[in-house]
Amino acid sequence: MNEQTPIIIPKMAGVCGWPIHHSMSPTLHNYWLKQLGIHGAYTMFAVHPHGAVRAFKSLKKTSIAGVNVTIPLKGKAFEAADELSLDAQKLGVCNLLYKRNNRLIGHNTDMEGFSEPLLRQVGRNFILNNTVLVVGAGGAARAVLGALLEIGAPEIRLINRTDKRAQTLAENINIPSLYAMPWEKRDDAVYGVGLVINASAGGMHGKNALDIKLSYVQPEGWVYDLIYTPQNTLLLQQAELLGLNIIGGLDMLIAQARPSFNLLFEASAPTDNSVKDVIIAHLNKATHK
Ligand code: NAP
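Residues numbered from 1 in each chain as written. Predicted model: local features only at pLDDT ≥ 70, side-chain atom pairs only at ≥ 80, totals over all residues. Heavy atoms only, no water.

### A closer look at the pairing of strand β3 (residues 64-69)
Burial analysis of β3 places 6 of its 6 residues in the buried class, which makes it a mostly covered element. Of the strand pairs in this sheet, strand β1 (residues 11-17) and β3 are connected by 5 bridges, and their pairing is parallel. Looking across to β3, one finds that Val15 is bridged to Asn68. Note that β3 and strand β5 (residues 96-100) share 3 bridges and pair antiparallel. (Buried < 20%, exposed > 50% of the residue type's maximum accessible area, 1.4 Å probe, protein only. Helix = DSSP H or I, 4+ residues; strand = E, 2+ residues; numbered from the N terminus. Pairing = 2+ DSSP bridges.)

### As for the packing of helix α5 (residues 110-121) against helix α11 (residues 249-265)
Two elements in contact, α5 and α11, have axes whose closest approach is 7 Å; the angle formed by their N-to-C orientations is 125°. On the basis of their axis angle, the class for α5 and α11 is oblique. In terms of crossing hand, the pair formed by α5 and α11 is right-handed. Residues Asp110, Glu112, Gly113, Phe114, Glu116, Pro117 and Gln121 of α5 form the contact with α11, whose own contacting residues are Asp251, Met252, Ala255, Gln256 and Pro259. Tallied by class, the residues present in the contact of α5 with α11 amount to 5 nonpolar, 3 polar and 4 charged. (Axes fitted to C-alpha atoms, helices over the stretch in contact; angles between N-to-C directions. Parallel < 35°, antiparallel > 145°, perpendicular 65-115°, else oblique. Left-handed = near helix turned anticlockwise from the far one by under 90°. Contact = heavy atoms within 4.5 Å. Nonpolar A, V, L, I, M, F, W, Y, C, P; charged D, E, K, R; others polar.)

### Topic: the sheet that holds strand β2 (residues 40-46)
Sheet architecture is open: 6 strands sit in the order β2-β1-β3-β5-β6-β4, paired in mixed fashion. A single partner strand is all that each edge strand has here, and the edge strands are β2 and β4 (83-84). In this structure, β1 lies alongside β2, joined through 7 bridges in parallel fashion. Its bridge partner lying in β2, Val15 is registered against Met44. Across the face of the sheet, helix α1 (residues 25-36) comes into contact with β1, β2 and β3 while running at roughly 170° to β2. Across the sheet, α11 touches β1, β2, β3, β5 and β6 (103-107), and the angle it forms with β5 is around 25°.

### As for the nonpolar core
Ranked by internal contacts, the top residues of the largest apolar core, which has 31 residues, are Phe114, Leu118, Val134, Leu148, Ile197 and Tyr224. Mapped onto this core, the elements with two or more residues apiece are α5, β7 (131-135), α7 (139-151), β8 (155-159), α8 (163-173), β10 (195-198) and β11 (222-225). If one sorts the elements of this core by residue count, α7 sits on top with 7 residues. Residues contacting Val134, with those up to four places away along its chain left out, are Val144, Leu145, Leu148, Ile156, Arg157, Leu158, Ile159, Ile197 and Ala199. Ala13, Val15, Tyr98 and Ile279 belong to the second-largest nonpolar core, a separate cluster that totals 22 residues. (Core = buried A, V, L, I, M, F, W, Y, C linked by side-chain atoms within 4.5 Å.)

### Brief notes about the packing of α5 against α7
Remark: α5 packs on α7, axes separated minimally by 8 Å, with the N-to-C direction vectors making an angle of 60°. Here α5 lies oblique to α7, going by the angle between them. In the crossing of α5 with α7, the sense of the turn from one axis to the other is right-handed. Here Asp110, Met111, Phe114, Ser115, Leu118 and Leu119 of α5 come into contact with α7, specifically with Ala143, Val144, Gly146, Ala147, Leu148, Glu150 and Ile151. Of the residues belonging to the contact of α5 with α7, the class tally is 9 nonpolar, 2 polar and 2 charged.

Now the structure itself:
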(Lines give C-alpha, C1' and ligand atoms only; values in the text may rest on other atoms or scores of the structure.)
Protein backbone atom coordinates (compact mmCIF):
# COMPACT_ATOMS: atom_id res chain seq x y z
CA MET A 1 0.00 0.00 0.00
CA ASN A 2 1.53 3.38 -0.95
CA GLU A 3 0.89 6.63 0.92
CA GLN A 4 -1.79 7.69 -1.59
CA THR A 5 -3.97 4.60 -1.04
CA PRO A 6 -7.02 5.65 0.98
CA ILE A 7 -7.73 3.58 4.07
CA ILE A 8 -11.28 2.26 3.88
CA ILE A 9 -12.76 1.60 7.30
CA PRO A 10 -15.51 -1.02 6.98
CA LYS A 11 -18.91 -0.03 8.36
CA MET A 12 -20.08 -2.45 11.03
CA ALA A 13 -23.59 -3.02 12.35
CA GLY A 14 -25.60 -5.96 13.64
CA VAL A 15 -28.65 -7.33 15.36
CA CYS A 16 -28.94 -8.09 19.09
CA GLY A 17 -31.31 -10.57 20.68
CA TRP A 18 -31.49 -13.54 23.04
CA PRO A 19 -31.57 -16.03 21.32
CA ILE A 20 -30.49 -14.60 17.98
CA HIS A 21 -29.19 -17.45 15.80
CA HIS A 22 -32.35 -17.67 13.63
CA SER A 23 -32.41 -13.95 12.70
CA MET A 24 -32.93 -13.12 9.02
CA SER A 25 -31.41 -9.64 9.38
CA PRO A 26 -27.76 -10.52 8.54
CA THR A 27 -28.83 -12.22 5.27
CA LEU A 28 -30.88 -9.22 4.33
CA HIS A 29 -28.45 -6.41 5.22
CA ASN A 30 -25.35 -8.21 3.91
CA TYR A 31 -27.12 -8.79 0.60
CA TRP A 32 -27.88 -5.06 0.31
CA LEU A 33 -24.27 -4.16 1.29
CA LYS A 34 -23.02 -6.42 -1.49
CA GLN A 35 -25.53 -5.05 -4.00
CA LEU A 36 -24.37 -1.49 -3.27
CA GLY A 37 -20.66 -2.40 -3.09
CA ILE A 38 -20.39 -0.95 0.43
CA HIS A 39 -17.35 -2.09 2.36
CA GLY A 40 -19.12 -3.26 5.50
CA ALA A 41 -20.63 -6.12 7.48
CA TYR A 42 -23.75 -6.83 9.49
CA THR A 43 -23.52 -9.53 12.14
CA MET A 44 -25.36 -11.08 15.11
CA PHE A 45 -24.77 -10.30 18.78
CA ALA A 46 -26.20 -12.61 21.44
CA VAL A 47 -26.90 -10.18 24.30
CA HIS A 48 -28.26 -11.44 27.61
CA PRO A 49 -31.15 -9.26 28.88
CA HIS A 50 -29.35 -8.73 32.25
CA GLY A 51 -26.41 -6.88 30.71
CA ALA A 52 -28.27 -5.39 27.74
CA VAL A 53 -28.60 -1.72 28.81
CA ARG A 54 -24.88 -1.56 29.66
CA ALA A 55 -23.96 -3.34 26.41
CA PHE A 56 -26.06 -0.88 24.37
CA LYS A 57 -24.61 2.18 26.13
CA SER A 58 -21.09 0.90 25.45
CA LEU A 59 -21.77 1.02 21.67
CA LYS A 60 -20.61 4.65 21.81
CA LYS A 61 -17.10 3.45 22.69
CA THR A 62 -16.90 1.15 19.66
CA SER A 63 -16.71 1.66 15.89
CA ILE A 64 -20.05 -0.12 15.42
CA ALA A 65 -22.52 2.21 13.67
CA GLY A 66 -25.53 0.82 15.52
CA VAL A 67 -27.68 -2.25 16.05
CA ASN A 68 -31.11 -3.58 15.40
CA VAL A 69 -32.73 -5.02 18.48
CA THR A 70 -35.15 -7.89 18.69
CA ILE A 71 -37.01 -9.96 21.30
CA PRO A 72 -36.63 -9.68 24.32
CA LEU A 73 -34.42 -6.57 24.29
CA LYS A 74 -36.60 -3.87 22.68
CA GLY A 75 -37.51 -2.34 26.05
CA LYS A 76 -33.85 -2.36 27.15
CA ALA A 77 -32.88 -0.52 23.97
CA PHE A 78 -35.50 2.12 24.76
CA GLU A 79 -33.94 2.51 28.22
CA ALA A 80 -30.39 2.80 26.87
CA ALA A 81 -31.07 5.49 24.23
CA ASP A 82 -29.90 9.11 24.74
CA GLU A 83 -32.63 10.35 22.39
CA LEU A 84 -35.83 8.77 21.08
CA SER A 85 -37.56 9.23 17.74
CA LEU A 86 -41.28 9.97 17.66
CA ASP A 87 -42.12 6.41 16.54
CA ALA A 88 -40.05 4.94 19.40
CA GLN A 89 -41.87 7.21 21.86
CA LYS A 90 -45.25 6.15 20.44
CA LEU A 91 -44.47 2.44 20.83
CA GLY A 92 -42.41 2.59 24.05
CA VAL A 93 -39.82 0.19 22.56
CA CYS A 94 -36.94 0.43 20.08
CA ASN A 95 -35.89 -1.99 17.34
CA LEU A 96 -32.96 0.21 16.28
CA LEU A 97 -30.14 2.04 18.07
CA TYR A 98 -27.79 4.12 15.94
CA LYS A 99 -25.10 6.68 16.66
CA ARG A 100 -25.11 10.34 15.68
CA ASN A 101 -22.58 12.84 17.10
CA ASN A 102 -21.69 10.33 19.79
CA ARG A 103 -25.29 10.10 20.95
CA LEU A 104 -27.31 6.88 20.86
CA ILE A 105 -30.60 7.41 19.03
CA GLY A 106 -33.46 4.96 19.67
CA HIS A 107 -35.92 4.43 16.85
CA ASN A 108 -38.61 1.94 15.83
CA THR A 109 -39.14 0.99 12.17
CA ASP A 110 -42.05 -1.43 12.72
CA MET A 111 -44.83 1.10 12.02
CA GLU A 112 -43.18 2.21 8.79
CA GLY A 113 -42.38 -1.40 7.89
CA PHE A 114 -45.97 -2.45 8.41
CA SER A 115 -47.48 0.52 6.54
CA GLU A 116 -45.30 0.45 3.45
CA PRO A 117 -46.62 -2.82 1.90
CA LEU A 118 -50.13 -1.97 3.09
CA LEU A 119 -50.26 1.45 1.44
CA ARG A 120 -48.47 0.20 -1.68
CA GLN A 121 -50.71 -2.82 -2.21
CA VAL A 122 -54.05 -2.02 -0.56
CA GLY A 123 -53.97 1.77 -0.85
CA ARG A 124 -54.97 4.50 1.60
CA ASN A 125 -58.42 4.95 0.07
CA PHE A 126 -59.45 1.36 0.77
CA ILE A 127 -58.35 1.65 4.42
CA LEU A 128 -60.21 4.93 4.88
CA ASN A 129 -63.41 3.28 3.65
CA ASN A 130 -63.34 -0.08 5.42
CA THR A 131 -63.42 -1.60 8.89
CA VAL A 132 -60.18 -3.32 9.94
CA LEU A 133 -59.82 -6.33 12.24
CA VAL A 134 -56.52 -6.72 14.11
CA VAL A 135 -55.67 -10.04 15.78
CA GLY A 136 -53.10 -10.02 18.62
CA ALA A 137 -52.15 -7.81 21.55
CA GLY A 138 -48.35 -8.04 21.73
CA GLY A 139 -45.59 -5.79 20.41
CA ALA A 140 -46.46 -6.30 16.75
CA ALA A 141 -50.14 -5.44 17.37
CA ARG A 142 -49.09 -2.14 19.03
CA ALA A 143 -47.11 -1.16 15.92
CA VAL A 144 -50.00 -2.19 13.65
CA LEU A 145 -52.50 -0.13 15.66
CA GLY A 146 -50.17 2.88 15.74
CA ALA A 147 -49.78 2.73 11.96
CA LEU A 148 -53.51 2.25 11.28
CA LEU A 149 -54.39 5.20 13.52
CA GLU A 150 -51.80 7.33 11.73
CA ILE A 151 -53.29 6.34 8.34
CA GLY A 152 -56.74 7.24 9.71
CA ALA A 153 -58.57 3.87 9.71
CA PRO A 154 -62.15 4.80 10.67
CA GLU A 155 -63.01 1.65 12.67
CA ILE A 156 -60.61 -0.91 14.15
CA ARG A 157 -61.77 -4.06 15.95
CA LEU A 158 -59.20 -5.77 18.14
CA ILE A 159 -59.31 -9.41 19.27
CA ASN A 160 -56.81 -11.55 21.13
CA ARG A 161 -56.76 -15.12 22.41
CA THR A 162 -56.47 -13.66 25.94
CA ASP A 163 -59.27 -11.08 26.07
CA LYS A 164 -57.78 -9.06 28.92
CA ARG A 165 -54.68 -8.11 26.89
CA ALA A 166 -56.80 -6.80 23.99
CA GLN A 167 -58.98 -4.82 26.40
CA THR A 168 -55.97 -3.29 28.15
CA LEU A 169 -54.29 -2.38 24.86
CA ALA A 170 -57.46 -0.72 23.51
CA GLU A 171 -57.99 1.14 26.81
CA ASN A 172 -54.40 2.38 26.85
CA ILE A 173 -54.69 3.81 23.36
CA ASN A 174 -58.15 5.16 24.26
CA ILE A 175 -59.55 6.23 20.88
CA PRO A 176 -63.26 5.70 20.08
CA SER A 177 -62.54 4.23 16.62
CA LEU A 178 -60.61 1.35 18.26
CA TYR A 179 -62.37 -1.20 20.43
CA ALA A 180 -61.71 -4.70 21.73
CA MET A 181 -64.14 -7.59 21.17
CA PRO A 182 -64.12 -10.94 23.03
CA TRP A 183 -62.24 -13.84 21.41
CA GLU A 184 -65.43 -15.90 21.77
CA LYS A 185 -67.16 -13.47 19.41
CA ARG A 186 -64.45 -13.59 16.75
CA ASP A 187 -66.90 -14.67 14.02
CA ASP A 188 -68.89 -11.48 14.70
CA ALA A 189 -65.66 -9.48 14.72
CA VAL A 190 -64.82 -10.70 11.20
CA TYR A 191 -68.27 -9.79 9.90
CA GLY A 192 -68.13 -7.14 7.17
CA VAL A 193 -64.49 -6.10 7.60
CA GLY A 194 -62.44 -5.19 4.53
CA LEU A 195 -59.04 -5.99 6.00
CA VAL A 196 -57.90 -8.63 8.51
CA ILE A 197 -54.42 -8.28 10.02
CA ASN A 198 -52.84 -11.14 11.90
CA ALA A 199 -50.39 -9.55 14.33
CA SER A 200 -50.47 -12.60 16.61
CA ALA A 201 -48.12 -15.58 16.66
CA GLY A 202 -51.03 -17.93 15.83
CA GLY A 203 -50.12 -19.95 12.74
CA MET A 204 -46.36 -19.52 13.16
CA HIS A 205 -44.11 -22.60 12.89
CA GLY A 206 -44.35 -24.49 16.18
CA LYS A 207 -47.58 -22.71 17.31
CA ASN A 208 -51.23 -23.65 16.89
CA ALA A 209 -52.99 -22.38 13.78
CA LEU A 210 -54.99 -19.19 14.11
CA ASP A 211 -58.61 -20.20 14.67
CA ILE A 212 -60.31 -17.50 12.58
CA LYS A 213 -62.86 -18.01 9.81
CA LEU A 214 -62.64 -15.51 6.99
CA SER A 215 -65.97 -16.30 5.25
CA TYR A 216 -67.57 -12.99 6.30
CA VAL A 217 -64.77 -10.70 5.13
CA GLN A 218 -65.98 -8.31 2.39
CA PRO A 219 -65.56 -9.70 -1.13
CA GLU A 220 -62.42 -8.09 -2.65
CA GLY A 221 -61.14 -7.76 0.93
CA TRP A 222 -57.56 -8.19 2.14
CA VAL A 223 -55.74 -10.42 4.64
CA TYR A 224 -52.30 -9.30 5.86
CA ASP A 225 -50.45 -11.94 7.89
CA LEU A 226 -47.31 -10.66 9.64
CA ILE A 227 -45.97 -14.18 10.05
CA TYR A 228 -43.24 -15.22 7.61
CA THR A 229 -42.37 -18.69 8.93
CA PRO A 230 -44.15 -20.32 7.13
CA GLN A 231 -44.56 -17.84 4.30
CA ASN A 232 -47.87 -19.26 3.14
CA THR A 233 -49.76 -19.60 6.43
CA LEU A 234 -53.03 -21.51 6.73
CA LEU A 235 -54.74 -18.13 7.18
CA LEU A 236 -53.40 -16.89 3.82
CA GLN A 237 -54.33 -20.20 2.18
CA GLN A 238 -57.88 -19.83 3.51
CA ALA A 239 -58.00 -16.24 2.21
CA GLU A 240 -56.86 -17.30 -1.26
CA LEU A 241 -59.49 -20.05 -1.43
CA LEU A 242 -62.13 -17.40 -0.69
CA GLY A 243 -60.77 -15.15 -3.43
CA LEU A 244 -59.44 -12.53 -1.01
CA ASN A 245 -56.24 -10.55 -1.60
CA ILE A 246 -53.21 -11.34 0.53
CA ILE A 247 -50.00 -9.84 1.90
CA GLY A 248 -47.42 -12.06 3.64
CA GLY A 249 -45.04 -11.18 6.46
CA LEU A 250 -41.89 -11.09 4.32
CA ASP A 251 -42.98 -7.78 2.80
CA MET A 252 -43.02 -6.18 6.26
CA LEU A 253 -39.74 -7.86 7.24
CA ILE A 254 -38.05 -6.21 4.26
CA ALA A 255 -39.85 -2.88 4.63
CA GLN A 256 -38.90 -2.50 8.32
CA ALA A 257 -35.26 -3.34 7.49
CA ARG A 258 -34.93 -0.63 4.79
CA PRO A 259 -35.06 2.42 7.11
CA SER A 260 -32.68 0.62 9.51
CA PHE A 261 -30.17 0.07 6.71
CA ASN A 262 -30.46 3.73 5.63
CA LEU A 263 -29.73 4.98 9.16
CA LEU A 264 -27.01 2.45 10.01
CA PHE A 265 -25.02 2.62 6.77
CA GLU A 266 -26.06 6.15 5.72
CA ALA A 267 -26.92 4.84 2.25
CA SER A 268 -30.24 4.06 0.58
CA ALA A 269 -31.17 0.39 0.62
CA PRO A 270 -31.88 -0.91 -2.90
CA THR A 271 -35.56 -0.61 -3.80
CA ASP A 272 -35.65 -3.65 -6.10
CA ASN A 273 -37.17 -6.72 -4.48
CA SER A 274 -34.43 -9.27 -5.27
CA VAL A 275 -33.70 -9.56 -1.54
CA LYS A 276 -37.04 -11.37 -1.14
CA ASP A 277 -35.79 -14.33 -3.22
CA VAL A 278 -32.59 -14.43 -1.15
CA ILE A 279 -34.60 -14.62 2.08
CA ILE A 280 -36.96 -17.26 0.68
CA ALA A 281 -33.95 -19.39 -0.35
CA HIS A 282 -32.46 -18.94 3.14
CA LEU A 283 -35.74 -19.89 4.86
CA ASN A 284 -36.20 -22.94 2.61
CA LYS A 285 -32.66 -24.10 3.42
CA ALA A 286 -33.29 -23.61 7.16
CA THR A 287 -36.55 -25.64 7.11
CA HIS A 288 -34.94 -28.51 5.17
CA LYS A 289 -31.98 -28.82 7.54
P1 NAP B 1 -45.72 -11.22 21.30
O2 NAP B 1 -45.53 -9.85 21.87
O3 NAP B 1 -45.12 -12.39 21.95
O4 NAP B 1 -47.32 -11.50 21.20
C5 NAP B 1 -47.79 -12.71 20.73
C6 NAP B 1 -49.30 -12.58 20.44
O7 NAP B 1 -49.73 -13.75 19.74
C8 NAP B 1 -50.16 -12.50 21.69
O9 NAP B 1 -51.22 -11.62 21.41
C10 NAP B 1 -50.65 -13.94 21.85
O11 NAP B 1 -51.87 -14.06 22.52
C12 NAP B 1 -50.85 -14.34 20.41
N13 NAP B 1 -50.82 -15.79 20.15
C14 NAP B 1 -49.78 -16.65 20.35
N15 NAP B 1 -50.13 -17.88 19.93
C16 NAP B 1 -51.41 -17.79 19.45
C17 NAP B 1 -52.31 -18.74 18.87
N18 NAP B 1 -51.99 -20.00 18.68
N19 NAP B 1 -53.54 -18.28 18.50
C20 NAP B 1 -53.87 -17.00 18.67
N21 NAP B 1 -53.07 -16.06 19.21
C22 NAP B 1 -51.84 -16.46 19.59
O23 NAP B 1 -45.22 -11.28 19.79
P24 NAP B 1 -45.12 -10.08 18.74
O25 NAP B 1 -43.78 -9.47 18.80
O26 NAP B 1 -46.33 -9.21 18.91
O27 NAP B 1 -45.20 -10.86 17.34
C28 NAP B 1 -46.39 -11.47 16.89
C29 NAP B 1 -46.15 -12.12 15.54
O30 NAP B 1 -45.83 -11.14 14.57
C31 NAP B 1 -44.97 -13.12 15.55
O32 NAP B 1 -45.38 -14.25 14.84
C33 NAP B 1 -43.87 -12.40 14.80
O34 NAP B 1 -43.05 -13.29 14.06
C35 NAP B 1 -44.67 -11.53 13.84
N36 NAP B 1 -43.92 -10.31 13.47
C37 NAP B 1 -43.56 -10.17 12.17
C38 NAP B 1 -42.86 -9.05 11.77
C39 NAP B 1 -42.46 -8.90 10.33
O40 NAP B 1 -41.55 -8.11 10.04
N41 NAP B 1 -43.11 -9.59 9.41
C42 NAP B 1 -42.52 -8.05 12.70
C43 NAP B 1 -42.91 -8.22 14.04
C44 NAP B 1 -43.61 -9.37 14.40
P45 NAP B 1 -51.97 -14.22 24.14
O46 NAP B 1 -52.02 -12.82 24.65
O47 NAP B 1 -53.22 -14.98 24.33
O48 NAP B 1 -50.75 -14.98 24.57
